[in-house]
Amino acid sequence: MTTQQERINEALHILQALGMPKEQLNERTAITLLALLNLPADTQWQHASNSLLGIRAILDFARQQMARNYAENTRESVRKYSVKQLVAAGVLLHNPDKPDRAVNSADNCYQVEEQALVLFQQFGTKAWDAALGNYLAQRQTLADQFARHRDMQRIPVTIQQDQTITLSPGAHSDLIRQIIEVFAPHFVPGGELVYVGDTGSKWGYFNESLLQSLGVEVGSHGKMPDIVLYHREKNWLILVEAVTSSGPVDGIRHAELANLFKSSSAGLVYVTAFPDRGEILRKFLSVVAWETEVWCASDPSHLIHFNGVRFLGPYTS
């Protein structure tokens, strides 16, 4: 007889075969699918069905049939991070009995789509592999959909007149774009981009040979600033941290960067960039290190200078 854990593992196998993103390859999503198929451990896959269920019924199934007593606040996680993705994949239908039902209605419900049900009923049989292949041939996997959506949402950044890179979508990447396209031309005219990080990939862009020519070797464990610019005329390296939630150049970060770039033959300039002079800046204003600069994208032609003998320049001692 199939155990509860074995049944959950079977559902996980199916989710993976459907190309669900790794964030949905978890026990919660597997049990959600089993609930909507009304498939406890003692029922064969060929007897799976597709009743209309709401989130409460899914949690009841988890408790009564799978011995998983999810807390009440799990309802939102099931809805946002399991059901929503299964609907997007075409595996589930949302309110098939009343498509115009209000999104905040207590009667919101879900149902396994008919073709998906036919596929699931063949799990564990000799016909499964062929049925899965036919199903996927007709339906783009959700993982592929998400990947294409992410690519469409990526933020283009011009680093030279004839060269553009793209960064992962988000407020942080948008601020990085403004640093490169607005801050750099204004305060580092003719500057060369050495490095830019990306939330989706640490090394978004890296001119490693240029940095090495300045005497700096950075290993994979070096905690790089978000952006590194080189002002060749003045022989400065400008190290910029983009702050949308955390990470200003405070005393600790200043020391980390000074150590990381200690072998640089170019002078070091430290800059913290904020989207505007609002809440985020006010939150970190008291910890920004002295002898550094602050730039706000909302006031692109101005700098806030944290007192020192220089204004926008390196300190040699």
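Overview of the structure. Bear in mind the structure is a predicted one, so any value in this text is a computation, not a measurement.

## Focus: the overall build of the chain
- Check the secondary structure of the chain and you find eleven helices and eleven strands.
- Within the chain, residue pairs in contact and separated by at least 24 positions form 55% of the contacts whose partners lie at least 6 positions apart.
- Just so you have it, the chain exposes about 16400 Å², and 49% of that area is on carbon and sulfur atoms.

## With respect to the pattern of salt bridges
- Inspection of every chain in the model, using the stated rule, returns eleven salt bridges.
- The salt bridge partner of R7 is E10, with a shortest N-O separation of 2.7 Å. Of this pair, R7 and E10 both sit in helix α1 (residues 4-17), three residues apart, which is roughly one turn of that helix.
- Salt-bridge contacts for D299 lead to R277; the nearest nitrogen and oxygen are separated by 3.3 Å. Placement of the pair is D299 in the loop between β10 (293-296) and β11 (303-305) and R277 in the loop between β9 (267-274) and α11 (279-284), with a sequence separation of 22 residues.
- Judged by its relative accessible area of 24%, D299 is partly exposed.
- A residue is classified by how much of its surface remains accessible, and R277, at 55% relative accessible area, is exposed.
- When salt bridges with common partners are traced through the structure, they connect R56, D60 and R63 into a single cluster.

## Observations regarding the packing of aromatic side chains
- Counting across every chain of the model gives six aromatic pairs.
- Relative to F306, the ring of W290 lies with its centre 5.8 Å away and its plane at 55°, an arrangement referred to as tilted. Of this pair, W290 sits in the loop between α11 and β10 while F306 sits in the segment after β11, placing them 16 residues apart in sequence.
- Taking the relative accessible area as the measure of exposure, F306 reaches 9% and is therefore buried.

## Regarding the packing of helix α2 (residues 27-36) against helix α3 (residues 55-66)
- One way to put it is that α2 packs onto α3 with a least axis distance of 9 Å and a crossing angle of 95°. Taken together, the axes of α2 and α3 lie roughly perpendicular to each other. Facing I31, T32, L34, A35 and L36 of α2, the residues of α3 in contact are I58, F61, A62 and M66.
- Looking at the contact of α2 with α3 residue by residue, the class counts come to eight nonpolar, one polar and no charged.

## A closer look at the side chain of N26
- Following the sequence through the fold, N26 ends up in the loop between α1 and α2.
- From its side chain, N26 meets the backbone nitrogen of R28 in a polar contact 3.3 Å long.
- When sequence neighbours within four positions are dropped, the list of residues in contact with N26 reads L12 and S82.

## Focus on the environment of P99
- Structurally, the position occupied by P99 is in the loop between β1 (92-94) and β2 (110-112).
- Residue classification places P99 among the exposed residues on the basis of a relative accessible area of 68%.
- Taking C-alpha positions, P99 is 10.0 Å from C109, a pair spaced ten residues apart along the chain.

## Overview of helix α6 (residues 128-138)
- All of the buried residues in α6 are W128, A131, L132 and Y135. Projected down its long axis, α6 carries its buried residues within an arc of 100°, all on one side. Opposite its buried face, α6 presents the exposed residues D129 and A137, each directed more than 90 degrees away.
- Taken together, the buried residues of α6 touch α1 and α5 (114-120).

Rules used throughout
Residues numbered from 1 in each chain as written. Predicted model: local features only at pLDDT ≥ 70, side-chain atom pairs only at ≥ 80, totals over all residues. Heavy atoms only, no water. Helix = DSSP H or I, 4+ residues; strand = E, 2+ residues; numbered from the N terminus. Contact = heavy atoms within 4.5 Å. Areas by Shrake-Rupley, 256 points an atom, 1.4 Å probe, with all protein chains shown as cover. Salt bridge = Lys/Arg side-chain N within 4 Å of Asp/Glu carboxyl O. Buried < 20%, exposed > 50% of the residue type's maximum accessible area, 1.4 Å probe, protein only. Phe/Tyr/Trp six-rings, centres within 6.5 Å; stacked < 30°, edge-to-face > 60°. Axes fitted to C-alpha atoms, helices over the stretch in contact; angles between N-to-C directions. Parallel < 35°, antiparallel > 145°, perpendicular 65-115°, else oblique. Nonpolar A, V, L, I, M, F, W, Y, C, P; charged D, E, K, R; others polar. Polar contact = N/O pair within 3.5 Å; in protein donor to acceptor, adjacent residues only side chain to side chain. Arc of directions from axis to C-beta.

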